[in-house]
Amino acid sequence: MALPATLNVHVQEPLKAKDYRSDITPTWCPGCGDFGVVGALAKAYAEQKYNPSAVTTVSGIGCSSRLPLWMNSFGIHSCHGRAVPVAIGAHLARPEMPVVVTIGDGDCFSIGGGHIGPPARRNMDMTVMVMDNGTFALTKNQNSPTSRPGLPGTLASGMGNLDEPMNPIELMITLGATFVAQSYSANAKHMGMIMNKALAHKGFSFVNILSPCPTYNKMDTFQYFRPRIHDINDEGEHTQLTDRGAALAKAAELYDHHQNAEAHVPVGVYYEVDKPIYTEKVQKVREYYKVTDTPDWSEIFDRFKP
Amino acid sequence: MAIDLTIKVAGEGGEGVISSGDFIMQAATRAGMEVVTFKSFPAEIKGGYALSQVRISDQPIPSQGDGFDILVAFNGEAYEVNKPLLTPGTIMVWDGPHGGDFEPEEHDGVQAFAVPMSDIAKNQLKNYIAKNMVAMGAVVELFGLPEDSLKSSIHDKFITKGQEVVDFNYQAIELGRQWIRENYPDRKVAHAFPASKAQKDVVILEGNQAIAVGAVMAGCRFYGAYPITPATSVGNHLVDLMHHVGGTVYQSEDEISALATVIGASFTGMKSMTCTAGPGISLMQELIGLAIMSEVPVVIGDIQRGGPSTGMPTKHDQGDLFATCLGTHGDAPRIVLACADVEDCVYLTIDAFNLAEQYQSPVMLLSDASLSIQTEPIPRPDISKVKLTERQFAEPQTGENHFERYKITDSGVSPMGAPGIPGTNYAATGLEHAEDSGPRTNVETRNAMTEKRWRKFDGIEDAYKPIEREGEDGDDLGIISWGMTQSVTREAVARLRAGGHKVSALYPKMLWPMPKKQIEAFARSVKRVVVPEANFQGQLADLIKMRTDVVPIKFNVYRGEPLIPREIESMALELLQQSAGAKPMARMAIH
């Protein structure tokens, strides 16, 4: 059986969200924030009318990285920190196929830290969604790059996390992502809106989703977030979505709530610009060299004649 | 009388040593000769000792041989390193009598021609860069290297820089010729370039270029890689080749990412490859395990170099056999092939892709630093004779049940879904899994899936082509060799057998899974088995001991150079003379 030359990326008749879920029972703890994420993602796939046989969900290792196993799509549950380059390979082999990376904060920013820059800088047309619970949960509670100061962790000091968290929004804007947003796993409507924007965005989309771990992170809980969550795109607060400087300035406020009990926990779109995507640039090179997929072997071997 | 002429050019990196060798190689090929080259670079961009050796014959040549007939020494270091090889009957062309940095001794029976290449370049041509062309002019005049071929090569190489550059080089050649005519008018040289014959239908490729050609012939359409000496040039060659076949070359941010992109591309159904060297193989071990566990076909080239760690990036070594056969944690089966020459680099690459597809597995393809740059004419490939294997894609699924990617089958190979085949979506996973990819740790599933992954490779020894064997049942000594050492062994065995010695040889291309039956049968058919290899531990010998009932004698060199025929010959002669149990002593340094 030969593979089709192009994929039918979309279905004619929309499917339901549950059609994008596999039969495999999730192994997440009851109350895990990631349940909200997989529910919203399945709904977003339905709303995007993706063909389950023509979309690939890629993950690394961690609680949140189990997500592709619960989805009825193509999935790659790869190695810790390596989801993004695996996704790049799938994307370059099938540029018309939507590729979505679903990983955790540790997978993305700790071990995966070296890999997120290149596709962002190259503006590859794919989406990375991080389920940010501020901890390494599957290994039973170690601090991650987004852990707040003082958060207990088994490898942390006796007084908890000594570090300031890294700022995913600032980082991804700086690395060159062309769509950068934050959402919250208890707000299905907001996630749906953000996910649809991210999936539809032509270019590298990054969404950080606050997704509490009820088992290990007793500080960044649903109870903590609920009164503080605030949409920065509401009421004209952050409207200059194409202004990198404005986006970075807004992003700098991300963790104000750690010091200031009155400060918000921001969600919303920080940055959204249109730039040429990587595969478009590659296509121009192919046109210049008149690249063909029907080799003229005679001409090829002639190049190596004495 | 068979022609067998070896010309060696040696000097400082950056002085045109390598390109001089290439021009000689091109001339010999156009003259209808068989050619094998051997080159060695230092790791740095400029400076250090570089050499390019061209062996020319009218008969097929298995290896680069034992030494040289003609040495062109650009500097004192080249002279010092090669002094032991200036034996009676050899000729030296050297940078002198003035303007160079050395003064050679008298050598018995060695003709020495002084050509002030540095001086002529600097003071007459006003550009030191012309040095190697002055030397080439001398070679034309002394030995009859065809000037029209040399000029044609120069034209092809430099015309993009302008006709003046081409003419400048021609001028340098003429000054070299003139020097010889004026200073050695009555010369009689012991060696001469052979007369031209009809040119054969050949293509000239260097080892890494041949891997690139083999890959596109095999249907590879994705190459993801990170630069590393001596593997980088596989990708360089593929940039152009992929334009002709519509494939993709992607430079990733490190070796781990490179293999990750290859796995992702192959997941979609596209034949995909990366090439690296020892340090990259070490980095890739985790993802090799992922490809094995999730059953994704990938081809991983390992162009071996001196290890461990950073080691000697440009030097020959066969030290990665353990890492490629046994690397990655857990019980992880895979296939390992090793190339002996440039033709293997083409056709074993095609085998690698076919095996990867058939067994839905990583295949490691081994070459080495010397072979990567060895340039040879090989018969022009005939694409119509190449048979390709495609992976067993799943049929479109229409039922209610989700597709079971890891279905237990008798053969162990399960049909593979791919984006675009309706209903075959599944999650590839590195976790132990049930047939439907669900994570599992229960005893029954674990046992069944482990056995499935290993069962895939049952019978691979019989399915792959039989190992070539030379010699006869009952021979006194059997030599098993792999990689480039095979080429050297062939030449030694030819000499030994011509001398009446009863020596057999076995030339395996697939080293893993260990071809146990053929190795045991070979060992039974000879009195003793020896495994010469360019590593310290005797890695193939150890793997043979581990997986068969054969205990080979080890013969190891680890000096950063390939073995040469003469030392394998001496090794064999010592073993033939000794009683059982004694170890052979002969080892040589050559360069």
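Residues numbered from 1 in each chain as written. Chains lettered and ligands numbered in written order. Predicted model: local features only at pLDDT ≥ 70, side-chain atom pairs only at ≥ 80, totals over all residues.

Whenever I open this one, the overall build of chain A confuses me. Can you help?
On a plain count of helices and strands, chain A comes out with eleven helices and ten strands. Taken over C-alpha atoms, the radius of gyration comes to 21 Å for chain A, in line with the 19 Å a tight globule of 306 residues would show. If one aligns the C-alpha atoms of chain A with their principal axes, the spans along those axes are about 70 × 45 × 40 Å. Of all 306 residues assigned to chain A, the portion counted as buried reaches 50%. (Helix = DSSP H or I, 4+ residues; strand = E, 2+ residues; numbered from the N terminus. Rg over C-alpha atoms; globule rule 2.2 N^0.38 Å. Buried ≥ 20, exposed ≤ 12 C-beta atoms within 10 Å, placed from the backbone.)

Whenever I open this one, the packing of helix H4 (residues 131–143) of chain B against helix H6 (residues 163–183) of chain B confuses me. Can you help?
How two helices sit against one another is set out by the angle between their axes and by the gap between those axes. Residues and elements named next belong to chain B. Running from N to C, H4 and H6 point in directions that differ by 50 degrees, and their axes come no closer than 7 Å. By the angle between their directions, the pair H4 and H6 is classed as oblique. Of the two possible hands of crossing, H4 and H6 adopt the one that is right-handed. Where H4 approaches H6, its residues Met 133, Val 134, Ala 135, Met 136, Gly 137, Ala 138, Val 140, Glu 141 and Leu 142 are matched on the opposing element by Asn 169, Ala 172, Ile 173, Glu 174, Leu 175, Gly 176, Arg 177, Trp 179, Ile 180 and Arg 181. Its residues assigned to classes, the contact of H4 with H6 comprises twelve nonpolar, three polar and four charged. (Axes fitted to C-alpha atoms, helices over the stretch in contact; angles between N-to-C directions. Parallel < 35°, antiparallel > 145°, perpendicular 65-115°, else oblique. Left-handed = near helix turned anticlockwise from the far one by under 90°. Contact = placed C-beta atoms within 7 Å. Nonpolar A, V, L, I, M, F, W, Y, C, P; charged D, E, K, R; others polar.)

Before we go on, may I ask you to explain the interface of chain B and chain A in this structure?
In many reports, interface size means the accessible area that the parts give up when they come together. Contact with chain B, which involves 59 residues of that partner, is made by 47 residues of chain A. Those elements that provide at least two residues to the side of chain B that touches chain A are helix H1 (17–30), strand E7 (202–206), strand E8 (222–225), helix H8 (232–245), strand E9 (248–251), helix H9 (255–267), helix H10 (278–294) and strand E15 (427–429) of chain B. Looking at which element gives the most residues to the side of chain B that touches chain A, the answer is H9(B), with nine residues. Grouping the amino acids of the side of chain B that touches chain A by side-chain chemistry returns 29 nonpolar, 23 polar and seven charged.

Before we go on, may I ask you to explain the pairing of strand E14 (residues 375–379) of chain B in this structure?
Successive side chains on a regular strand alternate, one facing one side of the sheet and the next facing the other. All names here are of chain B. Taken across its five residues, E14 has four buried, putting it largely inside the fold. In terms of strand pairing, E7 meets E14 through five bridges, oriented antiparallel. Note on E14: the bridge partner recorded for Ile 204 is Pro 377. (Pairing = 2+ DSSP bridges.)

Which parts of the structure should I look at to understand the sheet that holds strand E12 (residues 335–338) of chain B?
Strand pairing in a sheet takes place through backbone hydrogen bonds and is either antiparallel or parallel in direction. Residue and element names in this part refer to chain B. With mixed pairing, seven strands are arranged side by side in an open sheet as E9-E8-E10-E11-E13-E12-E19. The open sheet terminates on both sides in strands that have one partner only, identified here as E9 and strand E19 (510–512). Across this sheet, the average inter-strand angle for adjacent strands is 25 degrees, counted without regard to direction. Here four bridges tie E8 to E9, and the two strands are oriented parallel to one another. Residue pairing for E9: Phe 222 is matched across the bridge by Thr 248. In the packing of H8 onto the sheet, contacts are made with E8, E9, strand E10 (272–276) and strand E11 (298–304), and the angle to E9 comes to roughly 145 degrees. Its contacts with the sheet place H9 against E8, E9, E10 and E11, and it is angled at close to 165 degrees to E10.

Is there a simple way to think about the environment of Pro552(B) in this case?
Residues and elements named next belong to chain B. Mapped onto the elements, Pro 552 comes out in the loop between helix H18 (539–547) and strand E21 (553–556). In the structure, Pro 552 is positioned 73 residues away from Ile 479 in sequence and 9.2 Å away in space, judged by C-alpha atoms. When near neighbours in sequence (up to four residues on either side) are disregarded, Pro 552 contacts Ile 480, Val 529, Val 530, Val 531, Ala 541 and Ile 544.

Please clarify how the domain arrangement of chain B should be interpreted in this entry.
Residues and elements named next belong to chain B. Examined at the domain level, chain B breaks down into domain 1 (4–183), domain 2 (204–384), domain 3 (392–458) and domain 4 (469–577). Between the C-alpha centres of domain 2 and domain 4 the distance comes to 26 Å. Facing 24 residues of domain 2, the contacting portion of domain 4 comprises 19 residues. The dominant element in the side of domain 2 that touches domain 4, judged by the number of residues it contributes, is E12, at four residues. Of the residues in the side of domain 2 that touches domain 4, the class split is 13 nonpolar, five polar and six charged. (Domains from an automatic or database assignment.)

For this particular structure, what's the right way to read the nonpolar core?
Soluble globular proteins: nonpolar side chains tend toward being buried together. Counting residues in hydrophobic clusters, the biggest one holds 191 residues, and the most contacted among them are Ala87(A), Val101(A), Val180(A), Ile263(B), Leu287(B) and Leu337(B). Look past the residues within four positions of Ile263(B) in its chain and what remains in contact with it is Val86(A), Gly89(A), Leu287(B), Leu290(B), Ala291(B), Val296(B) and Val298(B). The next biggest cluster of nonpolar side chains, apart from the first, holds 57 residues, and it includes Ile7(B), Leu86(B), Val115(B) and Leu175(B). (Core = buried A, V, L, I, M, F, W, Y, C linked by C-beta atoms within 7 Å.)

Quick question: what am I supposed to make of unusual backbone geometry here?
Most peptide bonds take the trans form, and the phi angle of most residues other than glycine is negative. At the junction of Thr229(B) and Pro230(B), the peptide bond is cis and its omega measures out at 0 degrees in the coordinates. Mapping Pro230(B) onto the fold places it in the loop between E8 and H8. In this chain, Gly307(B) is followed by Pro308(B) through a cis amide linkage whose omega measures -10 degrees. Along the chain, the position of Pro308(B) falls in the loop between E11 and helix H11 (321–326). The phi dihedral of Asn123(A) falls on the positive side, at around 50 degrees, and the residue is not glycine. Within the secondary structure, Asn123(A) is located in the loop between helix H4 (117–121) and strand E4 (126–132). If you check the backbone angles, Ser437(B) has positive phi at about 80 degrees while not being a glycine. Its place among the elements puts Ser437(B) in the loop between E15 and helix H14 (443–455).

How do you make sense of the sheet that holds strand E8 (residues 204–210) of chain A when you look at a structure like this?
Pairing is mixed across the open sheet formed by nine strands, whose spatial order is E9(A)-E10(A)-E7(A)-E8(A)-E4(A)-E3(A)-E1(A)-E2(A)-E15(B). This sheet does not close on itself; its edge strands, each paired only once, are strand E9 (229–231) of chain A together with E15 of chain B. Each strand axis lies, on average, 20 degrees off the axis of its neighbour in the sheet, ignoring direction. In terms of strand pairing, strand E7 (residues 179–184) of chain A meets strand E10 (residues 265–272) of chain A through four bridges, oriented antiparallel.

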